[in-house]
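# Topology and contacts: notes
Listed below, chain by chain, are the residues.
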Amino acid sequence: KAGVTQTPRYLIKTRGQQVTLSCSPISGHRSVSWYQQTPGQGLQFLFEYFSETQRNKGNFPGRFSGRQFSNSRSEMNVSTLELGDSALYLCASGAAGLHEQYFGPGTRLTVT
Amino acid sequence: QKEVEQNSGPLSVPEGAIASLNCTYSDRGSQSFFWYRQYSGKSPELIMFIYSNGDKEDGRFTAQLNKASQYVSLLIRDSQPSDSATYLCADYGNNRLAFGKGNQVVVIP
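In this report, the structure presented in the accompanying data block is examined. (Residues numbered from 1 in each chain as written. Chains lettered and ligands numbered in written order. Predicted model: local features only at pLDDT ≥ 70, side-chain atom pairs only at ≥ 80, totals over all residues. Heavy atoms only, no water.)

### Here we look at the interface of chain A and chain B
Facing the 20 residues of chain A at the interface are 17 residues of chain B. Joining chain A to chain B, the criterion identifies zero salt bridges. Listing elements by their share of the side of chain A that touches chain B, those giving two or more residues are strand E4 (31-38), strand E5 (42-50), strand E6 (53-57), strand E9 (87-94) and strand E10 (102-103) of chain A. (Contact = heavy atoms within 4.5 Å. Salt bridge = Lys/Arg side-chain N within 4 Å of Asp/Glu carboxyl O. Helix = DSSP H or I, 4+ residues; strand = E, 2+ residues; numbered from the N terminus.)

### A look at the packing of aromatic side chains
Residues and elements named next belong to chain B. If you walk through the whole model with that rule in mind, you get 12 aromatic pairs over all chains. An angle of 45 degrees between the planes, with centres 5.7 Å apart, marks the rings of Phe49 and Tyr51 as tilted. Taking relative accessible area as the criterion, Phe49 reaches 27% and is therefore assigned partly exposed. When its relative accessible area of 32% is taken as the criterion, Tyr51 is described as partly exposed. For the cation-ring pair, Lys56 lies above Phe49, with the distance from its terminal atom to the ring centre recorded as 3.6 Å. The lysine or arginine in question, Arg60, covers the ring of Phe61, its NZ or CZ lying 5.7 Å from the ring centre. (Phe/Tyr/Trp six-rings, centres within 6.5 Å; stacked < 30°, edge-to-face > 60°. Buried < 20%, exposed > 50% of the residue type's maximum accessible area, 1.4 Å probe, protein only. Lys NZ or Arg CZ within 6 Å of the ring centre and 35° of its normal.)

### Remarks on the side chain of Glu100 of chain A
Within the secondary structure, Glu100 of chain A sits in the loop between E9 and E10. We note that Glu100 of chain A is buried and unpaired, the nearest opposite charge coming from Lys56 of chain B at a distance of 7.3 Å. A polar contact is formed between the side chain of Glu100 of chain A and the side chain of Tyr51 of chain B, at a distance of 2.5 Å. Each residue touching Glu100 of chain A, except ones within four places of it in the same chain, is listed here: Ser93 and Gly94 of chain A together with Phe34, Leu46, Phe49 and Tyr51 of chain B. (Lys, Arg positive; Asp, Glu negative; His and termini not counted. Polar contact = N/O pair within 3.5 Å; in protein donor to acceptor, adjacent residues only side chain to side chain.)

### Points about the pattern of salt bridges
Applying the stated criterion across every chain yields a total of eight salt bridges over all chains. A salt bridge links Arg77 of chain B to Glu57 of chain B, with the nearest nitrogen and oxygen atoms 3.5 Å apart. With Arg77 of chain B in the loop between strand E8 (71-76) and strand E9 (85-93) and Glu57 of chain B in strand E6 (residues 54-58), this residue pair connects regions lying 20 residues apart in the sequence. Look at Arg77 of chain B and you get partly exposed, because its relative accessible area is 26%. Residue class for Glu57 of chain B comes out exposed when judged on its relative accessible area of 59%. Among the charged side chains, a salt-bridge network with shared partners connects Arg63, Glu82 and Asp85 of chain A.

### Focus on the environment of Gly9 of chain B
Residues and elements named next belong to chain B. Mapped onto the secondary structure, Gly9 falls in the loop between strand E1 (4-5) and strand E2 (11-14). Overall, the relative accessible area of 43% leaves Gly9 in the partly exposed class. For Gly9 and Gly29, which are 20 residues apart along the polypeptide, the C-alpha to C-alpha distance reads 27 Å. Apart from residues lying up to four places away in sequence, Gly9 is in contact with Asn103 and Gln104.

### With respect to the sheet that holds strand E7 (residues 61-66) of chain B
Residues and elements named next belong to chain B. The strand order E1-E3-E8-E7-E6 describes an open sheet built from five strands, whose pairing is antiparallel. Two strands close off the open sheet at either side, each with one partner strand: E1 and E6. Examined bridge by bridge, E1 and strand E3 (residues 19-25) share two bridges and lie antiparallel to one another. Looking across to E3, one finds that Glu5 is bridged to Thr24. (Pairing = 2+ DSSP bridges.)

Taken by themselves, the reported measurements are silent on function.
What follows is the structure, given as structure tokens:
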């Protein structure tokens, strides 16, 4: 079974721009979560979607948003990029009713 | 605010020894706990999960959960150089994982 895929793997953007990241979960998984990882803050939860509904949201500004499509694929968007948004963005998928989450390879975002 | 604490600094262990990692959590209602391994430059990989008090063994890994003390641990037996990585503890609640900052393990050949 194929794992979680994320595109693109690397991105370089300038301040003020916006970016969209994509995640395809493991086949059959309906839960998709997004996390931000930085050296200083570690892994922080952004939001979680299940069957196209956002069930939980972390403590991030409104510039961070996401959505999930009917095929469970998910996108997250960051608008008005700031230097502090430079991070590894990780997507994780999970099966309904189970708590285990499996991570994709991540998207490394650099904001200059 | 859920908190997961991993307070130990980098852990160096000789090859073949046991590596012991500890983690405490603040949410007494947490029901499930996870250990992830993350190699430098890679994404976290799920290696163990535990839901019930006691021990759970999988190969060279043993997870231990003590809900009364709000404490989770991971033992790595017969440590190998390939075990050198950062180990992240997490608990699950309200449709999200809360992670500790991680512990770096270095296995010395």
